[in-house]
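Notes for the structure review
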Amino acid sequence: MARLPDLDLDLRRLTPTVRAAFRLTSERHTLDHLLREVGIEGAVTWQKGESIASTALQRRTNGWCFELPPQRTYMLDDALTQLLHALAPHRDQIVALSRALELDAHVALDTDIYEDRVPTGYLSPANVKAIATYGASLGTEIHLAEPNG
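Description of the structure in this document. All values derive from a computational prediction rather than experimental measurement.

1. Things to note about the overall build of the chain
Scanning the chain from N- to C-terminus turns up five helices and six strands. Helices and strands appear in the chain in the N-to-C order α-β-α-β-β-β-α-α-β-α-β. Buried positions account for 38% of the 149 residues belonging to the chain. Pairs at least 24 residues apart make up 77% of the contacts formed inside the chain by residues separated by at least 6 positions. With the model as given, the accessible surface of the chain reaches about 9,100 Å², and the carbon-plus-sulfur share is 53%.

2. Looking at the layout of surface pockets
The calculated volume of the largest pocket comes to roughly 540 Å³. Together, 17 residues line the largest pocket, and Arg23, Trp46, Ile52, Arg59 and Arg60 are the ones closest to its centre. If one sorts the elements of the lining of the largest pocket by residue count, strand S5 (residues 104-114) sits on top with five residues. A per-class count over the lining of the largest pocket returns five nonpolar, six polar and six charged.

3. As for helix H4 (residues 91-100)
Buried within H4 we find Ile94, Val95, Leu97 and Ser98. Taken down its axis, H4 places every buried residue within 165° of arc, on the same side. Counted as exposed and oriented over 90 degrees from the buried face of H4: Asp92, Arg99 and Ala100. Close packing links the buried residues of H4 with strand S1 (17-26), helix H2 (34-38), strand S3 (62-67), helix H3 (76-87) and helix H5 (125-133). Just downstream of H4 lies Glu102, where phi reads positive at about 55°.

4. Side note on unusual backbone geometry
Glycine aside, residues mostly have negative phi, and peptide bonds are mostly found in the trans state. One non-glycine residue, Glu102, adopts positive backbone phi at about 55°. Topologically, Glu102 is positioned in the loop between H4 and S5. On the basis of relative accessible area, Glu102 is assigned to the exposed category, the value being 55%.

5. What to know about the packing of H3 against H5
Running from N to C, H3 and H5 point in directions that differ by 45°, and their axes come no closer than 10 Å. Relative to H5, the element H3 is oriented oblique. Crossing of H3 over H5 shows left-handed handedness. On H5, the residues touching Asp77, Leu80, Thr81 and Leu84 of H3 are Asn127, Ala130 and Ile131. Tallied by class, residues from the contact of H3 with H5 come to four nonpolar, two polar and one charged.

6. Considering the packing of aromatic side chains
What the rule picks out here adds up to two aromatic pairs. Summarising the aromatic geometry, the rings of Phe22 and Trp64 are spaced 6.4 Å apart at their centres and angled 75° between planes, so their arrangement reads as edge-to-face. Of the two residues, Phe22 sits in strand S1 while Trp64 sits in strand S3, which places them 42 residues apart along the sequence. The rings of Phe22, Trp64 and Tyr134 are connected pair by pair, giving a single aromatic cluster. Just above the ring of Trp46 sits the side chain of Arg59; from NZ or CZ to the centre is 4.1 Å.

7. Re the environment of His85
Mapping His85 onto the fold places it in helix H3. His85 sits in the exposed class, given a relative accessible area of 57%.

Rules used in this analysis
- Residues numbered from 1 in each chain as written.
- Predicted model: local features only at pLDDT ≥ 70, side-chain atom pairs only at ≥ 80, totals over all residues.
- Heavy atoms only, no water.
- Helix = DSSP H or I, 4+ residues; strand = E, 2+ residues; numbered from the N terminus.
- Buried < 20%, exposed > 50% of the residue type's maximum accessible area, 1.4 Å probe, protein only.
- Contact = heavy atoms within 4.5 Å.
- Areas by Shrake-Rupley, 256 points an atom, 1.4 Å probe, with all protein chains shown as cover.
- 1 Å grid on protein atoms, 1.4 Å probe; cavity = no way out; pocket = protein on both sides within 12 Å on 5 of 7 lines; lining within 4 Å.
- Points joined across faces, edges and corners; volume = space filled by probe spheres on them.
- Nonpolar A, V, L, I, M, F, W, Y, C, P; charged D, E, K, R; others polar.
- Arc of directions from axis to C-beta.
- Axes fitted to C-alpha atoms, helices over the stretch in contact; angles between N-to-C directions.
- Parallel < 35°, antiparallel > 145°, perpendicular 65-115°, else oblique.
- Left-handed = near helix turned anticlockwise from the far one by under 90°.
- Phe/Tyr/Trp six-rings, centres within 6.5 Å; stacked < 30°, edge-to-face > 60°.
- Lys NZ or Arg CZ within 6 Å of the ring centre and 35° of its normal.

Written out as structure tokens, the structure is:
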């Protein structure tokens, strides 16, 4: 007898994957000291000229980044909410450092979609205000991915 497909597994496997990140960048300052000063577990830094992952591309700026683990969701706002909640205890410090060092702040929502399953682009007014508090830009990227990739 043929086994019926596991619909829950298929739905989970095909749900978009969103990576939410907050970055501070600078062309003038290295940002390694932010690892100590801000103290968010899992934050990383890079230097201008370093290679980007396993590509031939090089970093154009110095940077500090806090990124959440990828999550499967149909709501970009859910991933953004989690990112902003993780940053909230450090908000005043991040904003002060950003202003003092004239850093550029960026929020990134990178999404892997499977087949035609695209998440909603809705962002709550509270999250838009929170992004503005950081003086951050918001960027999104969508990549077509393989369900098993």
